[in-house]
Amino acid sequence: MNRRPGTDLVESARAMAPLIAREADEIERTRRLTSAVTQALIENGLYRALLPKRFGGAEAPLETFMQMQEEVAKADASTAWCLGQCSVCAMTAAYLDPDAANEIFNVAPGILAWGAINHEVQAVPGGYKASARWDFASGSRQASWLGAHVRVVEADGTARRKPDGSPEIRTILFPATSATMHDVWDVIGLRGTGTDSYSVDNLFIPEKFAALRDDPAALRESGPLYKLSTNMVFGMGFAATSLGVARATLDAAIDLARGKTPQASKAMRDNNAVQGLIGRTEAQLRATRAYLYATAADVWRDLSQGAVITEAHRVALRIASTWTIHQSAAVVDTAYHMTGATAVFNANKFERRFRDMHAIAQQIQGRDAHYEDAGRAILAGDLNAPPTTR
């Protein structure tokens, strides 16, 4: 599947940037990644960044995955968003029967996508039956397999419970050809992600394709990456995506300022207000990036040295990722307003990045409620305990 397993993922992402940038208009127009971009992502192994090594994946460190996302996002946010979604979905292989994982990830194109948690499945002999519809499936238009996070109901209609009394949630996986796709993604930003809905009707899912994802008791891998929950990695990946969008937007504004002279005003490059604004915004972006990556490095160091994941780690990752998304949006806003009327023209790409960034900030990883969750955990004081599932 990955023809170049030794290639550095970040360098590959950087090398692909010109192709992605050239395809960005078509991605926006069709609301899908183009075949050229999808094929390049596959051939360079980027979809397999977080797949376990024993299935041919890179099992990359968290920071490498984040840098990969950042580089792709500089070229196109929609491409980065789909890549981040499907890359994290591949972490599910760490909880699957090896035969099932190989069938999903080692038969071309080997891409898994899913939507938001919702609905139930009924336990039946040998597996589960599902009839439901799920939304927000970024990357689903490139995927060969789809997933859904569902509560399990026994044959008698009672909810299946875990030993701690909470509902059992399984991630069911099935070929994309088993589902009906619904074209609903008509939005202001991240248009190219094709984050559509999908449904199944009375579909049987064999037991081996129903993972207890993010359940430590079901984990089959020992590497530090899989001590992190998929939700934690989603947050850090999408925060890095935000940094890439912010970097590209600010760089474009700086380039414009070097040559633009607004009507009835001095050249932007000679304007003290513009100079100060660029200096402060550059500092804001660098500080935000440093905070995000320092948090990732601190947590990764602990996990690599054998530590178990704790509530303190979860809180650190959550507030860093949320803060980064919000600060990236602020950087994009500043750059957008700095460029004046130039920003409203499609040809200049400022307005697309503005829309993409604000679509990112509206997603679940950017919720203000994450600060309340973190504050509640900090006030509770038991940060050495295992993390909650939030």
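Every chain's residues receive numbers from 1 upward, in the order its sequence appears when written. Local features in a predicted model are, by the rule used here, given only for residues with pLDDT of at least 70; side-chain atom pairs are given and counted only at 80 or more, and totals for whole chains, interfaces and linings are based on all residues. Just so you know, side-chain values use all the structure's heavy atoms and leave hydrogens and water out.

Another aspect to go through is the state of the cysteines. Disulfide: a pair of cysteine sulfur atoms within 2.5 Å of each other. Enumeration according to the criterion identifies zero disulfides in this entry. Left without a disulfide partner, C82 is nearest to the cysteine sulfur of C86, which lies 6.4 Å away.

Another point: helix 4 (residues 77–89). Relative to the 18 Å expected for 13 residues at 1.5 Å per residue, helix 4 spans 18 Å between its end C-alpha atoms, a close match to the ideal helical length. The buried label applies to any residue whose accessible area, calculated with a 1.4 Å probe on protein chains only, is under 20% of its type's maximum; exposed applies above 50%, and partly exposed to all values in between. Numbering of helices and strands runs from the N terminus, with a helix taken as a DSSP run of H or I at least four residues long and a strand as a DSSP run of E at least two residues long. Here helix 4 lies mainly inside the structure; 13 of its 13 residues are buried. Any helix carries an expected span of 1.5 Å times its number of residues minus one.

This part covers the confidence of the model for the chain. The pLDDT averaged across the chain works out to 94; a share of 97% of its residues lies at or above 70. Below a pLDDT of 50 lies the segment residues 1–6, which in the model reaches 16 contacts outside its immediate sequence neighbourhood of four places, other chains included. Per-residue confidence from the predictor is given as pLDDT, running between 0 and 100. By the convention used here, residues are in contact when the closest approach between their heavy atoms is within 4.5 Å.

This part is about the pairing of strand 3 (residues 127–137). Inspection of the sheet shows strand 2 (residues 120–124) paired to strand 3 by three bridges, in the antiparallel sense. Across the sheet, the residue bridging to A123 is Y128, located in strand 3. As consecutive antiparallel partners, strand 2 and strand 3 are separated by two residues, and within that stretch G126 has a phi angle of approximately 85 degrees, a positive value. Bridge count between strand 3 and strand 7 (residues 196–206): eight bridges; the pairing is antiparallel. By the bridge assignment, R133 is partnered in strand 7 with S199. One requirement defines pairing of two strands: DSSP has to find at least two bridges between them.

Given a rise of 1.5 Å per residue, 22 residues ought to cover 32 Å, yet the end C-alpha atoms of helix 1 (residues 9–30) are separated by just 27 Å, more than 12% below that figure. Two axes define the bend at a residue: one fitted to the seven residues ending there, one fitted to the seven starting there, and the bend is the angle between them. The axis of helix 1 is deflected most strongly, by about 45 degrees, at E23. L9, V10, S12, A13, M16, I20, A24, I27 and E28 are the residues of helix 1 that are buried. Buried-residue contacts for helix 1 involve helix 2 (35–43), helix 3 (62–75), helix 4 and helix 9 (350–362). Where helix 1 terminates, the next one or two residues include R31, which has phi positive at roughly 60 degrees.

The next point concerns the packing of aromatic side chains. Any pair of Phe, Tyr and Trp rings, taking the six-membered ring for Trp, is counted once the centres come within 6.5 Å. Such a pair is stacked with planes under 30 degrees apart, edge-to-face with planes over 60 apart, and tilted for the rest. On inspection of all chains with the given rule, the structure shows nine aromatic pairs. Seen from their ring centres, F136 and W185 are 6.4 Å apart, and the 80 degrees between their planes marks the pair as edge-to-face. Of this pair, F136 sits in strand 3 while W185 sits in the loop between strand 6 (180–182) and strand 7, and the two are 49 residues apart along the sequence. Here a set of aromatic residues connected by ring pairs shows up, and it is made of W81, W114, F234 and F238. A cation over an aromatic ring shows up here: R289 above the ring of Y293, its NZ or CZ 4.3 Å from the ring centre. Only when the NZ atom of a Lys or the CZ atom of an Arg is both within 6 Å of the ring centre and within 35 degrees of the ring normal do we say a charge sits over the ring.

Tracing the backbone through its elements, the reader meets H182 in strand 6. Between the alpha carbons of H182 and T288 there is a distance of 37 Å; along the sequence they are 106 residues apart. A polar contact is formed between the side chain of H182 and the side chain of S199, at a distance of 2.8 Å. Here a polar contact is recorded for every N or O atom pair within 3.5 Å, except that within protein the pair must consist of a potential hydrogen donor and a potential acceptor, and residues adjacent in sequence are included only if both atoms are side-chain atoms.

This part covers the domain arrangement of the chain. Once the domains are mapped, the chain shows domain 1 (9–105), domain 2 (110–213) and domain 3 (228–380). Note that the domain bounds reflect an automated or database-derived domain assignment. Spacing between the C-alpha centres of domain 2 and domain 3 amounts to 31 Å. Opposite the seven residues of domain 2 that make contact, domain 3 presents seven residues. Think of a salt bridge as a Lys or Arg side-chain nitrogen and an Asp or Glu carboxyl oxygen that are within 4 Å of each other. Between domain 2 and domain 3 we count zero salt bridges in total. There are three residue pairs in polar contact (both at pLDDT 80 or more) connecting domain 2 and domain 3.

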